[in-house]
Amino acid sequence: MPITEERQQQITKSLKRCSEATVAAALRFEESRDLDELPAIILGVLERDAANPKPEGVHAATDDSRLIEDIGMDSFGMIEVVMTAEEVLGITVATQEMNGIRTLGELKTFLRSKLAA
């Protein structure tokens, strides 16, 4: 289903300072709901919000990469990730739901499960 101009602007605003590739993936996701777009969105948001980004970059991360130790996220950055996920993906995430998420793979699985609900 085509995306309205208003929704395009909302997604673009939510992904401010993210790469063009991240915004494009989010717009494709909005139109198709194709979960294959999710990794590009997640990585782009993590890259934007990492407090202490690693020299190799977020895009070198694997599903086993730890969000804090390996990717460089902090608690404020994770709050930003949750808020962005809610705005861009149209889901609701309670803060306590994020407590057990330690790796990139766990984050991907969690968001996929929220989208499937």
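Residues numbered from 1 in each chain as written. Predicted model: local features only at pLDDT ≥ 70, side-chain atom pairs only at ≥ 80, totals over all residues. Heavy atoms only, no water.

Undergrad: Help me out: how do you make sense of helix α4 (residues 75-89) in this one?
TA: Note that an α-helix has 3.6 residues per turn; residues three or four places apart therefore point the same way. With 15 residues, α4 extends 21 Å from end C-alpha to end C-alpha; this agrees with the ideal 21 Å at 1.5 Å per step. Here α4 has its buried residues at G77, M78, V81, V82, T84, A85, V88 and L89. One side of α4 carries all its buried residues, which in axial view fall inside an arc of 165°. Opposite the buried face of α4, at more than 90 degrees from it, the exposed residues are S75 and F76. Positive backbone phi, approximately 75°, marks G90, located one or two places after α4. (Helix = DSSP H or I, 4+ residues; strand = E, 2+ residues; numbered from the N terminus. Expected span 1.5 Å × (residues − 1). Buried < 20%, exposed > 50% of the residue type's maximum accessible area, 1.4 Å probe, protein only. Arc of directions from axis to C-beta.)

Undergrad: It is not clear to me how the packing of helix α3 (residues 38-49) against helix α5 (residues 104-116) should be interpreted in this structure. Could you clarify?
TA: For any two helices packed against each other, the geometry comes down to the angle between their axes and how far apart the axes lie. Across the interface, α3 lies against α5 with an axial gap of 11 Å and an inter-helix angle of 125°. Our classification of the angle between α3 and α5 gives oblique. Note that α3 runs across α5; the crossing there is right-handed. Residues L38, P39, I42, L43 and L46 of α3 form the contact with α5, whose participating residues are L104, L107, K108, L111, R112 and L115. Residue composition of the contact of α3 with α5, by class: 9 nonpolar, no polar and 2 charged. (Axes fitted to C-alpha atoms, helices over the stretch in contact; angles between N-to-C directions. Parallel < 35°, antiparallel > 145°, perpendicular 65-115°, else oblique. Left-handed = near helix turned anticlockwise from the far one by under 90°. Contact = heavy atoms within 4.5 Å. Nonpolar A, V, L, I, M, F, W, Y, C, P; charged D, E, K, R; others polar.)

Undergrad: What is the right way to look at helix α2 (residues 20-32) in this model?
TA: Between its first and last C-alpha, α2 extends 18 Å over 13 residues, near the 18 Å set by a 1.5 Å rise per residue. Listed in full, the buried residues belonging to α2 are T22, V23, A25, A26 and F29. Viewed end-on, α2 has its buried residues packed into an arc of 160°, placing them on one side of the element. Pointing more than 90 degrees away from the buried face of α2 are the exposed residues E20 and A21. Where α2 is buried, its residues meet α1 (5-14), α3, α4 and α5. After α2 finishes, the residue R33 shows a positive phi value of roughly 60°.

Purely geometric numbers; function is a separate question.
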